[in-house]
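Coordinates in review
Each chain is listed here by its residues.
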There are 2 protein chains.
Amino acid sequence: MSLLVTGSIGIDTVKTPYGVSENCLGGAAIYFSMAASFFSPVRFVGVIGSDCPFDLAKVFAGRDVDLTGLEVRDQSKTFRWTGSYHDNMDDRTTDCLELNVLAEAPPRVPEAFRDSEFVFLANTAPALQHQLLGQIDKPAFVAADTMNCWIQDHLDDLTALLKKIDCLIINEDEARMLANERNLIRSAQKILGMGPNVLIIKKGESGSIMCSADGDTFILPAYPAADVKDPTGAGDSFAGGFMGYLAQSGKTDFETLKTAVVYGTVVASFTIADFSLNGLTATDRTNIDERLQMLRNVTRF
Amino acid sequence: MSLLVTGSIGIDTVKTPYGVSENCLGGAAIYFSMAASFFSPVRFVGVIGSDCPFDLAKVFAGRDVDLTGLEVRDQSKTFRWTGSYHDNMDDRTTDCLELNVLAEAPPRVPEAFRDSEFVFLANTAPALQHQLLGQIDKPAFVAADTMNCWIQDHLDDLTALLKKIDCLIINEDEARMLANERNLIRSAQKILGMGPNVLIIKKGESGSIMCSADGDTFILPAYPAADVKDPTGAGDSFAGGFMGYLAQSGKTDFETLKTAVVYGTVVASFTIADFSLNGLTATDRTNIDERLQMLRNVTRF
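These remarks concern the structure in this document. Because the structure is a prediction, the values reported are computed rather than measured.

Some words on the packing of aromatic side chains
Counted under the stated rule, the structure contains 16 aromatic pairs over all chains. Here Phe301(A) and Phe218(B) contribute two aromatic rings whose centre-to-centre distance is 6.2 Å and whose plane-to-plane angle is 80 degrees, an arrangement assigned as edge-to-face. Here Phe301(A) is found in the segment after helix 11 (285-299), whereas its partner Phe218(B) is found in strand 13 (residues 217-220) on a different chain. Since its relative accessible area comes to 14%, Phe301(A) is described here as buried. Given a relative accessible area of 1%, Phe218(B) falls into the buried group.

Here we look at the relation of the copies chain A and chain B
If you rotate chain A by 180 degrees and push it 0.0 Å along the axis, it lands on chain B with an RMSD of 0.0 Å. The superposition of one copy onto the other is thereby described by a two-fold rotation axis.

Some words on the packing of helix 1 (residues 28-36) of chain A against helix 8 (residues 234-249) of chain A
All names here are of chain A. Between helix 1 and helix 8, the least distance of the axes is 7 Å, while the angle of their chain directions is 40 degrees. Classed by the angle they form, the pair helix 1 and helix 8 counts as oblique. Classified by chirality, the crossing of helix 8 by helix 1 is right-handed. Touching Ala28, Tyr31, Phe32, Ala35 and Ala36 of helix 1 are Asp236, Ser237, Ala239, Gly240, Gly241, Met243 and Gly244, all from helix 8. Residue composition of the contact of helix 1 with helix 8, grouped by class: seven nonpolar, four polar and one charged.

Details of the packing of helix 3 (residues 126-133) of chain A against helix 5 (residues 155-162) of chain A
The description of two helices packed together rests on the angle between their axes and the distance between the axes. Residue and element names in this part refer to chain A. Interhelical geometry of helix 3 versus helix 5 gives an angle of 35 degrees and a closest axis separation of 8 Å. The handedness of the crossing between helix 3 and helix 5 is left-handed. Contacts between helix 3 and helix 5 involve Pro126, Ala127, Gln129 and His130 on the former and, on the latter, Asp157, Leu158, Ala160 and Leu161. A class-by-class count of the residues in the contact of helix 3 with helix 5 yields five nonpolar, two polar and one charged.

As for the side chain of Thr78(A)
Residues and elements named next belong to chain A. Mapped onto the elements, threonine 78 comes out in the loop between strand 5 (65-73) and strand 6 (79-85). Overall, the relative accessible area of 0% leaves threonine 78 in the buried class. Setting aside chain neighbours within four positions, we find threonine 78 in contact with Ile9, Ile11, Ile48, Gly49, Asp51, Cys52, Glu98, Asn100 and Val101.

Remarks on the interface of chain A and chain B
Across the boundary between the two partners, chain A contributes 36 residues, which contact 36 residues of chain B. On the chain A side of the contact with chain B, Arg182(A), Ile219(A) and Phe301(A) bury the most area, a combined 27% of that side's loss. At the surface where chain A touches chain B, the tally comes to eight salt bridges. Here Asp87(B) and Arg182(A) are joined by a salt bridge, their closest N and O atoms 3.6 Å apart.

With respect to helix 8 of chain A
Residue and element names in this part refer to chain A. The end-to-end C-alpha distance of helix 8, which contains 16 residues, comes to 22 Å, matching closely the 22 Å that a straight helix rising 1.5 Å per residue would cover. The element helix 8 is extensively covered by neighbouring structure, given that 13 of its 16 residues are classed as buried. A positive backbone phi angle near 70 degrees is found at glycine 250, which sits one or two residues after helix 8.

Structural notes on the sheet that holds strand 8 (residues 118-121) of chain A
Residue and element names in this part refer to chain A. Taken together, nine strands build an open sheet; the order of strands is 5-4-1-8-9-10-11-12-13 and the sheet is mixed. Unpaired on one side and paired on the other, strand 5 and strand 13 (217-220) mark the two borders of the sheet. The mean angle between the axes of side-by-side strands here comes to 15 degrees, regardless of whether they run parallel or antiparallel. Relative to strand 4 (residues 42-49), strand 1 (residues 3-6) runs parallel, the two sharing three bridges. Considered in strand 4, the bridge of threonine 6 is made with valine 45. On the sheet, helix 9 (residues 254-271) packs against strand 9 (141-145), strand 11 (198-202), strand 12 (208-212) and strand 13 and is oriented at approximately 20 degrees with respect to strand 13.

Rules of the game
Residues numbered from 1 in each chain as written. Chains lettered and ligands numbered in written order. Predicted model: local features only at pLDDT ≥ 70, side-chain atom pairs only at ≥ 80, totals over all residues. Heavy atoms only, no water. Phe/Tyr/Trp six-rings, centres within 6.5 Å; stacked < 30°, edge-to-face > 60°. Helix = DSSP H or I, 4+ residues; strand = E, 2+ residues; numbered from the N terminus. Buried < 20%, exposed > 50% of the residue type's maximum accessible area, 1.4 Å probe, protein only. Least-squares fit on C-alpha atoms with pLDDT ≥ 70 in both. Axes fitted to C-alpha atoms, helices over the stretch in contact; angles between N-to-C directions. Parallel < 35°, antiparallel > 145°, perpendicular 65-115°, else oblique. Left-handed = near helix turned anticlockwise from the far one by under 90°. Contact = heavy atoms within 4.5 Å. Nonpolar A, V, L, I, M, F, W, Y, C, P; charged D, E, K, R; others polar. Buried area = accessible area lost by both parts, 1.4 Å probe. Salt bridge = Lys/Arg side-chain N within 4 Å of Asp/Glu carboxyl O. Expected span 1.5 Å × (residues − 1). Pairing = 2+ DSSP bridges.

What follows is the structure, encoded as structure tokens:
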């Protein structure tokens, strides 16, 4: 079934204890699309300025990523992010953020994309996520990401959005902040009460928890990665693998959602092995399926 | 098979965001023995001063805990610990520590306990762990705990101990410190190179990882506890459930070790539900087995 993503395209500079990657391609929609393309065709909606040095058609060559929704604004500049990871590789500091084109009106969803069935709204202002979602006719399953600044300063918009989506994918600090509750399991219960049927809480190196409004729970450790060079894009790759697998299978029952979480986890483990998209572009579906089997082996009892 | 524990008996004062428990019974050997007693008889070795207000025979009444190795020193005072947990319930601050009798010579292992097959050396100075281990004839499986201060200041003693034990059980910060390596999987590989055949790294709310020198890995999330009042004793309860199950089964192959980790995890989930030993004393083996099944259900895919 069709899968649409809306989200950022960025020029990233990333510092980790393992090195520096300057002015490399990043952004939520980029990581998501690359990850999802192992499973399903992707409809891409995003916006860049005329300064963007990357040819996305080349980046996604050989992958079924439809760039009809890529908007290039001549008078605008591309989003830029510079960040540094701490020693634990889970925490990071944003050193510099230039929203540029992301501070303007959101891109338009092309007419041909309006019938999309699976939709991922990557992190941006909840009001923009609303606007983007309003351009899709009748999606079957909508997932969204958000972050601390929207929880703190745009809670009304976010609360309204939560009533319109099926699945929220956030990290553990965001979950605690949104629920105003220190216990993660209680936080999950409170957030499910705000609207979504499914909540996925990402815990970085410690895996993820998925809970449903029907009372189902799934807890998965992260893949035991000995080589982590750059965690940038891990969350969006997780979402890409997750949504890509759902779109491929065309189902959203809890067993399918569980398998989707496992694929998301595995795909993210390739992302973090190298800077930018290098970890993802170096792998294929066979490697992904092998690693899924390995994750099953080390978690089963 | 026989199971012996050596470790502290403490008078604890614990502050958590959920309340305060003053002058309650604590200590590694206490939590360990209570947890292990669901699976196996326990031989208890520990020392208190004449001021200890707790009657351990009453505490363990109805459980197969042999207190022959409990030494009461008339001229000494019992170990005391006062600690405060932070909001995340994983980090804590030691507000006051009075080693008292723990700063003296270690207790003697009774003659009748010298043939013990399974041995747990709870956290104390590695030199004392050596001395205690030296009093056991020919143990089949020895596990030990340690902590940051011994890694920092008594590394030679600890390194020597690691060559004499089968299994080290430590938390993730200690693992990184001991291995001098930020990646946890690499840390595990380095520590296994120091001697033990089995390493278990505890990650609090995020579960645990077990690795063997043979290259086996097992990753288990924590039980999804919505009610956490006091994490004190969780690690020692984990070790108690783990070693208790091993002693019960009499085996140490990796599949048995995996099941033991699951039991340790489940038993610890009862400990943290209430202050002091209240969570443990309120449960039984049937509840433990039910929770094990639930943990299997929420992790299997």
